[in-house]
Amino acid sequence: MSFDAVIIGGSYAGMAAGLQLARARRKILLIDAGQPRNRFASHSHGFLTQDGAPPAEIAAEARSQLMEYPTVEWRMGRVEAVMGAADNFLVALADGSTYQARRIILAAGVTDELPGLPGLAELWGKRVFHCPYCHGYELGKEGIGVLATSELAMHHGLMLPDWGATTLFLNDAFEPSAEQLAQLKARGTHIEYGAAACLVSQAEAGVKLVMQDGRVFPLVGLFVAPRIHLTPLIAQVGCELEESPMGCIVKTDVMQATSIPGIFACGDVARAAGSVTFAVADGAMAGLSTHRSLMFGC
């Protein structure tokens, strides 16, 4: 079966890209593995008209609207390989099925590497977060923690005082320089030395960060900067990558085009910022850019 475009990833970026192509009356297929990156979060914040809505509800409504267009098809599955070239790509799924496409949009392919602190993974998206703009406001103004896994924790340590009283737990991950200590002091960020031992849920009251020396810190929430990894599919496709502070992402131009003619990328795979707003914006750009390339060439 042949399509104008196959979109790999059916979350916010992929559906936003699909909407542009659907409205241009192009025949498209969205392939989704059903594992959105923000599936651990109970609510999504910062997206106009949907502030505070559960992520699954936003996605369900978006899919419902997208599937009203007669040129759109949806397939659940995992893509294992993309072969060929512009105007004649072949997309192979894990179940052996294949689809032809003139264009490809990569809108999936990122996983988060969380710190190995016991108890942290279970609270990811609930009391442990990475984006202050997405979750900081709801925490109130007291007891916000930052767990360092590298010097990148400075970013959170300097940002979060705008949301509430902040403590940076260095966790034996790095030693701030004199200049960095002055910056943190100027922002009012408290610093705690020593390694963390575990994170314990306190239900609605937040969490307790237990240190290896026995100290216990009650917190309303904890922020970390996870390392992101691209899935094997991205390596197989072979697009040029670029290093971000969070890890490698697919390199794109301002039109979301990758280094491979006919392949576009959008959302978290092409931007080191997990945000529904950014994902939708980048997806819309990828969709209209794909349409332009179908009209005028890659």
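Each remark here, short or long, concerns the structure printed above.
Source: prediction; values computed, not measured.

Caption draft 1: Summary view of the overall build of the protein chain. Counting its regular elements, the protein chain contains seven helices and 19 strands. Against the 2.2 N^0.38 benchmark of 19 Å for 298 residues, the protein chain shows a C-alpha radius of gyration of 21 Å, consistent with a compact globule. Restricting the contact set of the protein chain to residue pairs at least 6 apart, pairs at least 24 apart contribute 56%. Accessible surface, the protein chain: about 13900 Å² in total, of which carbon and sulfur atoms supply 55%. For the protein chain, the separation between the mean place of its 22 positive charges and that of its 29 negative charges on side chains is 6 Å.

Caption draft 2: How the structure looks around the nonpolar core. Core analysis: the biggest nonpolar cluster contains 28 residues, and Val6, Val82, Ile104 and Leu106 have the highest contact counts within it. Broken down by element, this core gets its largest block of residues, four residues, from strand S6 (residues 98-106). Ignoring sequence-local partners within four residues, the contact set of Ile104 consists of Val6, Ile8, Val82, Phe89, Val91, Gly262, Ile263 and Phe264.

Caption draft 3: Expanded view of the sheet that holds strand S8 (residues 128-129). Read across the sheet, five strands follow the order S8-S15-S9-S10-S11 without closing on themselves; strand pairing throughout is parallel. Each edge of the open sheet is held by one strand with a lone partner, namely S8 and strand S11 (190-192). In this sheet, strand S10 (residues 166-169) lies alongside strand S9 (residues 144-147) in parallel orientation, the contact comprising four bridges. Its bridge partner being in S10, Ile144 is matched across the sheet by Thr166.

Caption draft 4: Fine view of unusual backbone geometry. A positive phi angle, close to 60 degrees, is found at Asn171, a residue other than glycine. Among the secondary structure elements, Asn171 is positioned in the loop between S10 and helix H5 (178-187). In this model, Asp172 sits at a positive phi of 55 degrees, which is unusual for a non-glycine residue. Within the fold, Asp172 resides in the loop between S10 and H5.

Caption draft 5: Seen up close, the environment of Cys134. With respect to the helices, strands and loops of the structure, Cys134 is situated in helix H3 (residues 132-135). Take Cys134: its relative accessible area is 13%, and that puts it in the buried class. Separated by 138 residues in sequence, Cys134 and Ala272 have C-alpha atoms that sit 15 Å apart. Ignoring any residue separated from it by four or fewer positions in sequence, one finds Cys134 in contact with His45 and Gly274.

Caption draft 6: Structural view of the packing of aromatic side chains. Per the counting criterion, the structure on display carries four aromatic pairs. Above the plane of the ring of Trp74 lies Arg63, whose end atom (NZ or CZ) is 4.1 Å from the centre. The aromatic ring of Phe278 is capped on one face by Arg271, whose charged end is 4.5 Å from the ring centroid.

Caption draft 7: Molecular detail of the packing of helix H1 (residues 12-23) against helix H7 (residues 276-296). It is the contact of H1 with H7, at a shortest axis distance of 7 Å, that shows an interaxial angle of 35 degrees. Note on packing geometry: the crossing formed by H1 with H7 is right-handed. Contacts between H1 and H7 pair Tyr12, Ala13, Ala16, Ala17, Gln20 and Leu21 from the former with Val276, Ala279, Val280, Gly283, Ala284, Gly287, Leu288, Thr290, His291 and Leu294 from the latter.

Caption draft 8: Region of interest: the sheet that holds strand S12 (residues 196-201). Ordered by their spatial adjacency, three strands build an open sheet running S12-S13-S14, and the pairing between neighbours is antiparallel. Both edges of this open sheet fall to S12 and strand S14 (216-219), since each of them pairs with a single strand only. Neighbouring strand axes in the sheet, compared pairwise and without regard to direction, differ in orientation by 20 degrees on average. As judged from the five bridges shared by S12 and strand S13 (residues 207-211), these two strands associate in the antiparallel manner. When the sheet's bridge partners are listed, Val200 is paired in S13 with Lys208.

Caption draft 9: Representation of H1 within the structure. Here H1 spans 17 Å end to end across twelve residues, near enough to the 16 Å set by a 1.5 Å rise per residue. Most of H1 sits out of view: nine of its twelve residues are buried. On its buried face, H1 sits against strand S1 (2-8), strand S2 (28-32), helix H2 (55-66), strand S3 (72-76), S6 and H7. In the segment just after H1, Arg25 is the residue with positive phi, at about 60 degrees.

Caption draft 10: Spotlight on the side chain of Asp4. Examined against the element boundaries, Asp4 turns out to sit in strand S1. With near-sequence residues (within four places) excluded, Asp4 lies in contact with Arg26, Lys27, Arg102, Arg103 and Leu294.

Caption draft 11: Main features of the pattern of salt bridges. Applying the stated criterion across every chain yields a total of 13 salt bridges. Linking Glu243 and Arg227 is a salt bridge whose minimum nitrogen-to-oxygen distance equals 2.8 Å. Of this pair, Glu243 sits in strand S17 (residues 241-244) while Arg227 sits in strand S16 (residues 227-230); the two residues are 16 residues apart in sequence, bridging distant segments of the chain. Salt bridges sharing partners connect three or more residues here, namely Arg37, Asp112 and Asp268.

Procedures and definitions
- Residues numbered from 1 in each chain as written.
- Predicted model: local features only at pLDDT ≥ 70, side-chain atom pairs only at ≥ 80, totals over all residues.
- Heavy atoms only, no water.
- Helix = DSSP H or I, 4+ residues; strand = E, 2+ residues; numbered from the N terminus.
- Rg over C-alpha atoms; globule rule 2.2 N^0.38 Å.
- Contact = heavy atoms within 4.5 Å.
- Areas by Shrake-Rupley, 256 points an atom, 1.4 Å probe, with all protein chains shown as cover.
- Lys, Arg positive; Asp, Glu negative; His and termini not counted.
- Charge placed at Lys NZ, Arg CZ, Asp CG, Glu CD.
- Core = buried A, V, L, I, M, F, W, Y, C linked by side-chain atoms within 4.5 Å.
- Buried < 20%, exposed > 50% of the residue type's maximum accessible area, 1.4 Å probe, protein only.
- Pairing = 2+ DSSP bridges.
- Phe/Tyr/Trp six-rings, centres within 6.5 Å; stacked < 30°, edge-to-face > 60°.
- Lys NZ or Arg CZ within 6 Å of the ring centre and 35° of its normal.
- Axes fitted to C-alpha atoms, helices over the stretch in contact; angles between N-to-C directions.
- Left-handed = near helix turned anticlockwise from the far one by under 90°.
- Expected span 1.5 Å × (residues − 1).
- Salt bridge = Lys/Arg side-chain N within 4 Å of Asp/Glu carboxyl O.

Shape is all these values report; function is a separate question.
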